[in-house]
Amino acid sequence: MNLPQHNAPDTATLEKTLPSTHYHDPAIWTREKERIFAREWVCAGRAEQLPDTGSRLLVDIAGESILLTRAADGRVHGFYNVCRHRGAQLCHGSGGGNANLIRCPYHSWAYGLDGRLIAAPHMKEGEDFRKADFSLYPVGVELWGGFIFIHLTPAEAKPIAEQFGGMPERVRNYPLSRLRIGRTLTYDVAANWKILAENYNECYHCAGVHPELCELVPAFRERGGSELDWSRGIPHRDGAYTFTRSGTTNRAPFPGLDADEQIRHKGELAYPNLFISLACDHVAAFILFPKGPDRTEIQVHFLFAPDEMEKPDFTPEDTVDFWDMVNRQDWAICESVQRGTGSRVHAHGYYAPMEDWNLDIRRYVADRIGD
């Protein structure tokens, strides 16, 4: 293939990104589904989405339909949404509802909320058929910070703390388990999930893409974001302390935050699919649900303290509106990257020195699916 001629750049100080095929090739996406999303702890939602016994939540994890329930013992259980009889899907749509049995719509096999087969019409218990042998296929379930994490291959699951690394310690002062959803936004973005993660992991783009955000957080446009101290948190402009257009809010800060956390912003990326942005009065949690190599659904839950939500003047709009503007700027530029990396001349990109954190996803993916 004859490509347009160009001068080769001096890449002595630049690291290459993943090959462009990693953002477009269905074969790469198939490997990621099996070696990442089926073998890592993946965020599926918030525990409060299953508030009562019998509550159900249906989620799609890289093409696998997963049913989550809350059983009478208060625990969250998870199963493949597949009947053990003939393979019909047990639930459709959102999976919402509240019932003590999960009944297959095909032949009415019925399962308990813990996945045990309870009844199979006209089938007699005996040597040839034992209900105990036909429980639903389970997935691993762990709760952390009020989030539900699932593992599609539970027999191979490592302790979830090993996957998180130092993140829990860095956010220990934020009452994540107590927070509740004040608003949820859902986006359908025409971009690969890794492009979204790379974008979240750097602020080299902020000065050009997010002028309003940089008015609130001037540090985002200084030196290409190369000297940001995320462990301490990023300072706002003078007089501002949270992610709203004004930089202020009538919501009280979370109790227990240190002096920096009361006025600075923190961000964490929990691979493979959870971004957490933490302010003193709210948390924006981004959960990525990849739908293919070129499309990702993103659910953003805005989390607030319950006592603030109970106040008669509570409204989440000051932060939701600001975040929605910033999000749409990000999604638009990520979609542009998705289109551009599909060009026949683009074999790979480069990470500038201020994008060193983006090397994390290159290593993360390569370690799991190979170079």
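Residues take numbers from 1 onward in each chain, read along the sequence in its written order. This being a predicted model, a pLDDT of at least 70 is required before a residue's local features are given, and a value of 80 or more before pairs of side-chain atoms are given or counted; all residues contribute to the totals for chains, interfaces and linings. Water and hydrogen atoms play no part in the side-chain values, which are based on all heavy atoms of the structure.

*Asks:* Talk me through the sheet that holds strand β10 (residues 147–151); I want residue IDs and the actual numbers.
*Replies:* Across the sheet, which stays open at both edges, the 3 strands sit in the order β2-β10-β9 with antiparallel pairing between neighbours. Of all the strands in the sheet, just β2 (42–46) and β9 (140–144) have a single pairing partner and so form its edges. Each neighbouring strand pair of the sheet contributes to a mean axis angle of 30°, computed without reference to strand direction. Bridge analysis of β2 against β10 gives 4 bridges, and the strand direction is antiparallel. Counterpart to Val42 in the pairing with β10 is Ile150. Strands are treated as partners if at least two bridges between them are detected by DSSP. Elements are defined by DSSP. Helices are runs of H or I of four residues or more, strands are runs of E of two residues or more, and each kind is numbered from the N terminus. Between N-to-C directions, angles cover 0 to 180 degrees, with each direction set by a line fitted to C-alpha atoms, over the stretch in contact for helices.

*Asks:* Account for the pattern of salt bridges, with residues named and values stated.
*Replies:* Note on definitions: salt bridges are taken to be side-chain nitrogens of Lys or Arg within 4 Å of carboxyl oxygens of Asp or Glu. What the rule picks out here adds up to 21 salt bridges. Salt-bridge contacts for Arg221 lead to Glu215; the nearest nitrogen and oxygen are separated by 3.3 Å. Residues Asp260 and Arg264 are paired through a salt bridge, measuring 3.6 Å at the closest nitrogen-oxygen approach. Only protein chains enter the accessibility calculation, which uses a 1.4 Å probe; a residue whose area is less than 20% of its type maximum is buried, one above 50% is exposed, and one in between is partly exposed. For Asp260, a relative accessible area of 21% puts it in the partly exposed group.

*Asks:* Which residues make up the side chain of Gln338, and what are the values?
*Replies:* Tracing the chain through its elements places Gln338 in helix α8 (residues 317–340). By relative accessible area, which is 5% here, Gln338 ends up buried. By the convention used here, residues are in contact when the closest approach between their heavy atoms is within 4.5 Å. Not counting the four nearest positions on each side in its chain, Gln338 is found in contact with Tyr23, His24, Ala190, Ala191, Asn192, Ile195, Pro293 and Asp294.

This is a description of form; function is not addressed.
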